[in-house]
Amino acid sequence: MDIINLGVFAHVDAGKTSTVERLLFMNGATRRLGSVDDGTAATDSMEIERSRGISVRSASAAIDLPGLRLNLIDTPGHMDFTAEVQRSLLAVDCGLLIISAAEGVQSQTELFFNAMEAAKLPLIIFVNKIDRTGVDANTVFSEIKRKLSPDIFPLNAVISQGSRECGTGEYNFNDDEMLSLCSRDAGLESVFLKEGEVIQKQLEEGLFRLLAKGEAYPLIYGSAFCNVGLEKLSDAILRLPRVNIGRNAGENVSGKIYKIEHDKVMGKAAYVRLFSGRIQNRDAVALLNGDTEEARTEKVTQIKHFSAGTRLVDAGEISAGDIAVLYGLATAKAGDIVGEICAARNDPPLKTTPLFNVKVADGSPNPTPLLTAVRELAEEDPLLSCEWEPDERELTVSIMGEIQIEVLRHLLAERYGINAEFSNPTVIYKETVMNPGKGFESYTMPKPCWAVIELSFEPLPTGGGYIFESAVKGGQIPYKYQAHIKTALPGAMKQGLYGWEVTDVKITLSGGGWHFIHTHPMDFFLATPVAFMNGMVNCGSRLLEPFLRIKIAAPEELSGKIMGDIINMRGEFDSPVISGGTAEIEAGVPLAEAMDYPVRLSSLSSGKARYASNFDGYRPCPLELGKTTKRRGVDPLDRARWILHMRQAL
């Protein structure tokens, strides 16, 4: 059997879930047509999704056809849930990008397209909502080619549109499009040189050959609401590249967990895309976390896959190329590797990071139920990191945005019966070293102990992350103790001089020593944070703040006021693009300054302005304009107290 693993992407409210419902219904996967407005969409399983009419978690479904299973992964479109999309990209081989003809190319639209383009994954574009009054298909198409790619070719034409009627017809490639396709596809070029012309059917076949290589993108106009263009879209999807199940089944097991759910009856459910090998019921599989690189072994108790929409059926096994749900993996987390690391599939080029911290409390003197619930939710979303500070009795959770708070509040109440209260979100800053330097610690007293560490620090460019290297031979510090240093550093880096996580730094183990009698296995775990903080003092620390890339479309007469607002927010903007009385402004602004700007902009423009934003990385921030945070726990710079703390003597 062949498989198509298709991810469905769109900016929020572009009609993504409605399109998926149409595809499921018209291909016989569901018996009735679900509706987002009525809360009956098959892929919106959570109550908050049905009530708000937006997707907050990725949802899987399948369409069973002769010799083919089409696995669909419907992803959220809101910025707060981009991490869900990031993990879903691990599982798919091709994509469907849905664009609202009424709103055009929006911020998340560009984000998703760029991720698919960078990964060279085949992508079909569906321009939805052509039934909307005032929509101009030519204008929308021009914007799509300008903002996304010139290598986009329509497969149908809009012949009527509007609120009362809309329709599509056949499209004939113009001369420029024909020459563009022939110049890049050897088959079309051969026909053109031999015959002097290429018929429409041949051009379409050439387009799909280029699509398979991620070099061109077919576009289809339609309306999910009016059921227009869906047949054409369905046909195009079935022409996407297919994966043969089991083709690599004889190889070692390698897969990725892209989603975790908690089933009330079955327990933890791990959604897995398998790239090679085969897993059967009762098999023991290795789970590897990319951060710690510590493998655990778990036994699979049951395997299910999707069939006829969102229905899960017993499968007994999963073979290479397929997607399935595995049960029994008690320690599994979203993002874990199953089996071996797969060199053929890199992590998707879509990076996300939490931007805010919130404190969570339920008013109970016993924090255990709340802690257990939040930690379980963090298994489903690894970016939802939580930290419990026992001295302050405070639970802090990292989030992407304010809508995520609403989702967490709902999940805690619905799933665990906990009525939680959340503080106002505060911006997450970071730190980096200002200058090269060294950090040193000699932990040789009180005996028995012996761990000497020298760390060399080197600043990296913004966005460079963290690199660790060792320049020390095993005779100077045994490799097992060097592994302790490498393991301890990420924990030490969670709090720098100003209390924020340290990033954009290369740390090299450049010296040190041990004692064959006095060194205890825990000594290097104790000494590493002290050496690290000593290095931060010697190198100096610089504060980093998160930036947003914002896009504003507003009446031209407001452009001066908006640019003034951007300057007041310490932002930088490109020259506005004026067209048809509308000014389009793109700018980079600090998140801390722009948190309430969408509300202010709406008031300023009487609701006529459009605002979109995406995370745009961290940039240096003057300390007086940023924010420090108090240290959690014992400070390694308080060396004596730190030693007592680590030796459990406080």
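Located above this text is the structure these notes cover.
The rules behind these values
- Residues numbered from 1 in each chain as written.
- Predicted model: local features only at pLDDT ≥ 70, side-chain atom pairs only at ≥ 80, totals over all residues.
- Heavy atoms only, no water.
- Helix = DSSP H or I, 4+ residues; strand = E, 2+ residues; numbered from the N terminus.
- Contact = heavy atoms within 4.5 Å.
- Areas by Shrake-Rupley, 256 points an atom, 1.4 Å probe, with all protein chains shown as cover.
- Lys, Arg positive; Asp, Glu negative; His and termini not counted.
- Charge placed at Lys NZ, Arg CZ, Asp CG, Glu CD.
- Patch = residues over 30% accessible without salt bridge, like charges linked within 9 Å, V, L, I, M, F, W, Y side chains within 5 Å.
- Salt bridge = Lys/Arg side-chain N within 4 Å of Asp/Glu carboxyl O.
- Pairing = 2+ DSSP bridges.
- Axes fitted to C-alpha atoms, helices over the stretch in contact; angles between N-to-C directions.
- Phe/Tyr/Trp six-rings, centres within 6.5 Å; stacked < 30°, edge-to-face > 60°.
- Buried < 20%, exposed > 50% of the residue type's maximum accessible area, 1.4 Å probe, protein only.
- Lys NZ or Arg CZ within 6 Å of the ring centre and 35° of its normal.
- Expected span 1.5 Å × (residues − 1).

Caption draft 1: Highlighting the overall build of the chain. Secondary structure summary: the chain contains 17 helices and 36 strands in total. Over its C-alpha atoms, taken along the principal directions, the chain stretches across nearly 85 × 65 × 60 Å. Considering only intrachain contacts with a sequence separation of at least 6, the fraction spanning at least 24 residues in the chain is 73%. Of the accessible surface of the chain, which amounts to about 28700 Å², a share of 49% is contributed by carbon and sulfur atoms. The averaged location of the 84 negative side-chain charges in the chain is 4 Å from the averaged location of its 68 positive side-chain charges.

Caption draft 2: Inspection of a nonpolar patch on the surface at higher detail. Where nonpolar side chains cluster on the molecular surface, the patch consists of Leu497, Val537 and Leu637 and spans about 230 Å² of accessible area. Looking at the element boundaries, Val537 is found in helix H13 (residues 523-539).

Caption draft 3: Just the sheet that holds strand S31 (residues 505-514), in detail. Taken together, the four strands give an open sheet; going across it, the order is S27-S28-S31-S29, and neighbouring strands pair in mixed fashion. The sheet is open, and its two edges are formed by strand S27 (437-443) and strand S29 (466-470), each paired on a single side. Each adjacent strand pair in this sheet contributes to an overall mean axis angle of 20°, direction not counted. Here S27 runs beside strand S28 (residues 451-459); their pairing, made up of seven bridges, is antiparallel. Its bridge partner lying in S28, Glu441 is registered against Ile453. Contacting S27, S28 and S31, H13 crosses the sheet at an angle of about 145° to S27.

Caption draft 4: Structural view of the packing of aromatic side chains. Applying the stated criterion across every chain yields a total of eleven aromatic pairs. For the ring pair Phe113 and Tyr217, a centre distance of 5.1 Å and an interplane angle of 65° mean the geometry is edge-to-face. Linking Phe113 in helix H4 (residues 107-118) with Tyr217 in strand S9 (residues 217-221), this pair joins segments that are 104 residues apart in sequence. Measuring from centroid to centroid gives 5.7 Å for Tyr429 and Trp500, while their planes differ by 50°, and the two rings are tilted. Of the two residues, Tyr429 is situated in the loop between strand S25 (426-427) and strand S26 (430-433) and Trp500 in the loop between helix H12 (479-492) and strand S30 (501-502); the sequence distance between them amounts to 71 residues. For Tyr429, a relative accessible area of 5% corresponds to the buried category. Each residue in the set Tyr258, Tyr271 and Phe306 is aromatic and connected to the rest through ring pairs, giving one cluster. For the cation-ring pair, Lys259 lies above Tyr271, with the distance from its terminal atom to the ring centre recorded as 5.0 Å.

Caption draft 5: Geometry of H4. Under the 1.5 Å per step criterion, the end-to-end length of H4 is 17 Å for twelve residues, consistent within 8% with the ideal 16 Å. Looking only at H4, the buried set comprises Ser107, Gln108, Thr109, Glu110, Phe112, Phe113, Ala115 and Met116. Lys120 sits one or two residues past H4 and shows a positive phi near 60°.

Caption draft 6: Structural detail: unusual backbone geometry. Residue Met445 is joined to Pro446 through a cis peptide bond whose omega torsion reads -10°. Along the chain, Pro446 falls in the loop between S27 and S28. Across the junction of Lys447 and Pro448, the peptide omega takes the value 0°, indicating a cis bond. Within the secondary structure layout, Pro448 lies in the loop between S27 and S28.

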